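# A closer look at the structure
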Amino acid sequence: GQITGISKTEWSWAPLFADYDNDGDKDLIVTNGYPRDLTDKDWFQFHTKNKRSGMTNQDIVNMMPTVKVPNIAFENKDDLSFIKNTGWLPDIPSYSYGASYADLDNDGDLDYVVNNLNDNAFVLRNNTREKSGARADFINIRLKGKQGNTMAIGAKIELWNKGVYQFIENFLTRGYASSVEPVIHFGLSDKTSVDSIRVTWPATGNISVLSNPDVNKTIEIDEINSRPSVMHPGGTSKKDLMFIQSGNIINYVHEQKDFVDFFLSQKTIPHKFSQIGPRMAKGDIDNDGREDLVIGATNRLPTTVFLRRGKGFEKTLIKGLTYLKEFSESDLAVLDIDNDGDNDIVAVAGGFEYQKESEKQENLYMAVATGFGGQSENKYQHFLYENQADSFKKILIPVPAFLASVVRPFDFNHDGNQELFIGSRVKKGRFPYANPSWLIFNDKGKLSVSSSSSLDLGMVTDAVWTDYDNDGWEDLFVVREWDSPVILKNMKGKELIAQTIPDLDIQHGLWYSVIAADFDLDGDDDYMLGNLGENNQFSVSREYPLILYALDFEMDGILDPFMTAFWKDKNGKMKEYPVNYLDELKEQSSFFETRFKDYTSFSYAGTNDILDENMMKRVEFKLHVNTTASCILWNENGKFRMEKLPRSLQVSPIKKMMVQDLNKDKYPDVVVAGNDYTWDVSNGYFDALKGMVLINRGKDRSFDILPPSESGLLLQGMVESLLWFDGDTSLIVAGINRGGAVVFEHNNR
């Protein structure tokens, strides 16, 4: 609801979606009000202090604040966008609970009835037809079901009209303790005809189809005239879908102990770093010419290998590789590091805890303020597992221990050996700092670093090797959290140098992912970048950014992350406020305990009221985010033009993307997946993305976006891996955090 603009509706009871203005899409009216706000923080504090003071319970209850506010109407403006329409409802504060819609005067638009506590009901006449006339056509449908369900509860009604599709399920119980009129209402705007209507009856699955019915009237459809289902001309059968889910190919369920990062010294970090995986990589491990699957270790599960066998995969134990590690493996790469003809494996350490820390928190469930063992990073070492035919030999990669995010192998210096880039995720206990990332050189299997190997890049989330300027040397494109994307130019195999690219440098985001492909076939790589998306509580722009201050409020040696954003103040002007709740800030620093005695004063306090001149001197550094939109970056001869991805792709973080020519037209297509369950309680789960397929339309630089209902690819949950396996029947394998691996077959239609 945040991307649509309908998330802030006070204490709400009955949300009713219906087409109130007959323009062909569903609007929303919400009832509001509550006579006793028992969630008010100041009242709860008052109640706690005075429940044994001699005050009666009734006296304490009488101190509870009220929420008497008007109801709210949202007009649907298409493209997942609603606006408050203050002209639709009377501006009368009320305690409104149940609500219903019905065409009470039979004029073709929906009237609205509201039940108010201790007050008269609202009966509101809708004048859309009178005011809009020919621009507010409609059709009403009354269903007559068979015995046992004469009102056809659960029936599905679909309407097609000149390329426009509408859908309603017939359920009368809607809103709060209310029922709506047993008539299906479709607004048609100025469409004076309907192509067809299809009713799917609930018990039998039979259908009734009407072609070119009359409009601006109520028609009756009787189930007795229905027939067995056949494919509607506008529908899609399973065999026509691009992907078909295949079960029992990979028997793997990701398991992970829930480690609560917020219990450590930095309680106001925006999200957890421990909840990662499963991290998957593919490559031929047993030298049979087919790609196998490797899945990284978690704090519960060992590294796991599935060898390709026939049309499926077989779980296999391999000495020296498939055992439980001290840490979660945050990324893997399968490559022949020593050019001996078999593939080795690189595994990097990540997450936010190692085994003993995880066990300690699981036993105690709470952590002390200083964290575990000073939050040491010395366990986060990275290893090469050298393939020795029937086993693997573990070799330490010669870089300091740090929490890593990605490993990206590539022959950086064109000597025939693949080098490694390992990205740094975060410095433990020092967010938003990060340790250096590393470029590791490979001399015929011997790994080493040079004076140019250490790269200060911040919090790296993803990277891809790409020759952005077509000079014949592959560069490194890196995306980061709380920073801009950055391109590190390959200086002919000697070192990587960060480039200053103004059009890129100004795009500060919470970037999750990046892929490279020549989407327009103009001879250079373009880039798609996954960001947080726009379905969140923040209003982020260059004028009103998210801001992160890193400072030590109490000078106690603990770095306190202080995150702010802009919202409207009581006068309607944008003002910078803290993102965290007062309770969270008090847990982080006693400064807030002494600064604010109640929640009301805190609710009006802006950042400037908290960070005075003296406190600003303690700020070690300041980061900002001015875009949360996922986007595509068009490469125009080494210069870049950034374009936001369509709104349907902004509903959740895009964490994983995959490039593949799915329809064999030579243009690269894209599969996107994501969601993020690691953010704090004020943000909750970002989980609205179900997997999308982007079919490249070619030189007009646009994509047809196929949702799961059209592609067959349904990727629910927090997707942490996304792989393509070629074959007679190619496969997509997705790794779901704390869920089972999901496999889809590509339907070569």
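Reading the values: rules and limits
- Residues numbered from 1 in each chain as written.
- Predicted model: local features only at pLDDT ≥ 70, side-chain atom pairs only at ≥ 80, totals over all residues.
- Heavy atoms only, no water.
- Helix = DSSP H or I, 4+ residues; strand = E, 2+ residues; numbered from the N terminus.
- Contact = heavy atoms within 4.5 Å.
- Areas by Shrake-Rupley, 256 points an atom, 1.4 Å probe, with all protein chains shown as cover.
- Lys, Arg positive; Asp, Glu negative; His and termini not counted.
- Charge placed at Lys NZ, Arg CZ, Asp CG, Glu CD.
- Phe/Tyr/Trp six-rings, centres within 6.5 Å; stacked < 30°, edge-to-face > 60°.
- Buried < 20%, exposed > 50% of the residue type's maximum accessible area, 1.4 Å probe, protein only.
- Lys NZ or Arg CZ within 6 Å of the ring centre and 35° of its normal.
- Core = buried A, V, L, I, M, F, W, Y, C linked by side-chain atoms within 4.5 Å.
- Pairing = 2+ DSSP bridges.
- 1 Å grid on protein atoms, 1.4 Å probe; cavity = no way out; pocket = protein on both sides within 12 Å on 5 of 7 lines; lining within 4 Å.
- Points joined across faces, edges and corners; volume = space filled by probe spheres on them.
- Axes fitted to C-alpha atoms, helices over the stretch in contact; angles between N-to-C directions.
- Patch = residues over 30% accessible without salt bridge, like charges linked within 9 Å, V, L, I, M, F, W, Y side chains within 5 Å.
- Salt bridge = Lys/Arg side-chain N within 4 Å of Asp/Glu carboxyl O.

## Overview of the overall build of the protein chain
For the protein chain, the helix and strand inventory stands at eleven helices and 48 strands. With the C-alpha coordinates aligned to their principal axes, the bounding extent of the protein chain is approximately 85 × 70 × 50 Å. A fraction of 57% describes how many contacts in the protein chain between residues 6 or more apart in sequence connect residues 24 or more apart. Only carbon and sulfur atoms are counted for the fraction: they give 49% of the accessible area of the protein chain, which is about 32,800 Å². Counting 80 positive and 110 negative side-chain charges, the protein chain places the centres of these two groups 3 Å from one another.

## Details of the packing of aromatic side chains
In total, this model carries 33 aromatic pairs according to the counting rule given. A ring pair is formed by Tyr20 and Tyr101, whose centres lie 6.2 Å apart and whose planes are at 85°; its orientation type is edge-to-face. With a gap of 81 residues between them, Tyr20 in the loop between strand 1 (12-18) and strand 2 (27-32) and Tyr101 in strand 5 (residues 96-102) connect regions that are remote in the sequence. When its relative accessible area of 4% is taken as the criterion, Tyr20 is described as buried. Residue Tyr101 is classed as buried on the basis of its relative accessible area of 10%. Ring pairing ties together the aromatic residues Trp11, Trp13, Tyr34, Tyr97 and Tyr176, which thus form one cluster. Here the guanidinium or amino end of Lys282 rests over the ring plane of Phe725, the centre of that ring lying 5.7 Å away.

## Section: the nonpolar core
In this structure, Ile285, Ile345, Phe431, Trp482, Leu546 and Met563 are the most contacted members of the largest nonpolar core, which totals 47 residues. Secondary structure elements with two or more residues in this core: strand 18 (304-309), strand 20 (327-335), strand 21 (344-354), strand 22 (383-387), strand 36 (546-551), strand 37 (560-568) and strand 39 (619-625). Top contributing element to this core by residue count: strand 21, with five residues. The residues touching Phe431, leaving out its near neighbours within four places in the chain, are Gln266, Ile269, Pro270, Phe273, Val426, Met459, Trp482, Leu548, Leu559 and Pro561. Judged by nonpolar contacts, the second largest core, of 19 residues, contains Met658, Ala673, Ile695 and Ala734.

## A closer look at the pairing of strand 26 (residues 437-443)
Burial analysis of strand 26 places six of its seven residues in the buried class, which makes it a mostly covered element. Bridge count for strand 25 (residues 419-424) against strand 26 is three bridges, and the pairing is antiparallel. Residue pairing across strands places Leu420 opposite Ile440, the latter belonging to strand 26. Looking at chain direction, strand 26 and strand 28 (residues 454-455) are connected through two bridges and run antiparallel. Bridging across to strand 28, Trp438 finds its partner in Ser454. Where strand 26 lies against strand 27 (residues 446-448), three bridges are found, and the strand directions are antiparallel. The residue bridging Asp443 from the neighbouring strand is Lys446, located in strand 27. Linking two consecutive strands that pair antiparallel, namely strand 26 and strand 27, is a turn of two residues; a positive phi of about 55° is found at Lys444 within it.

## Topic: the environment of Ala463
Mapped onto the fold, Ala463 is located in strand 29 (residues 460-466). The class of Ala463 is buried, set by a relative accessible area of 2%. In the structure, Ala463 is positioned 283 residues away from His746 in sequence and 27 Å away in space, judged by C-alpha atoms.

## Let's talk about empty space enclosed by the protein
All told, the structure shown has three cavities of 30 Å³ or more when counted by the stated rule. As a volume, the largest cavity reaches approximately 40 Å³. Contributing to the lining of the largest cavity are Asn71, Leu89, Pro90, Ile92, Phe122 and Leu124.

## Observations concerning the sheet that holds strand 44 (residues 692-696)
Within the open sheet, the four strands sit side by side as 42-43-44-45. Their pairing is antiparallel. Two strands close off the open sheet at either side, each with one partner strand: strand 42 (654-660) and strand 45 (703-706). Ignoring strand direction, the axes of neighbouring strands in this sheet form an average angle of 20°. As paired elements, strand 44 and strand 45 share four bridges and run antiparallel to each other.

## Concerning the sheet that holds strand 22
Taken in spatial order, the four strands of this open sheet run 20-21-22-23, and their pairing is antiparallel. Across the chains shown, the open sheet's two edge strands, defined by having one partner strand only, are strand 20 and strand 23 (392-396). Sheet twist, expressed as the average angle between the axes of neighbouring strands with direction ignored, equals 25°. Of the pairings in the sheet, the one linking strand 20 to strand 21 comprises eight bridges and is antiparallel in character. Within the sheet, the bridge partner assigned to Phe327 lies in strand 21 and is Tyr354.

## Quick look at a nonpolar patch on the surface
On the surface, Met151, Ile153 and Phe171 cluster together into a nonpolar patch covering about 250 Å² of accessible area. Relative to the helices and strands, Met151 resides in the loop between strand 8 (137-144) and strand 9 (156-161). Given a relative accessible area of 40%, Met151 falls into the partly exposed group.

## What about unusual backbone geometry?
Going from Gly277 to Pro278, the amide bond is cis rather than trans, its omega being 5°. Among the secondary structure elements, Pro278 is positioned in the loop between strand 15 (243-245) and strand 16 (280-283). Here Phe431 and Pro432 are connected by a cis peptide whose omega angle stands at 10°. Its place among the elements puts Pro432 in the loop between strand 25 and strand 26. Positive phi values are uncommon outside glycine, yet Lys162 reaches one of about 50°. When you line up the elements, Lys162 lands in the loop between strand 9 and strand 10 (164-169). Of note, the phi angle at Asn675 is positive, near 85°, even though the residue is not glycine. Among the secondary structure elements, Asn675 is positioned in the loop between strand 43 (669-674) and strand 44. Asn675 sits in the buried class, given a relative accessible area of 0%.

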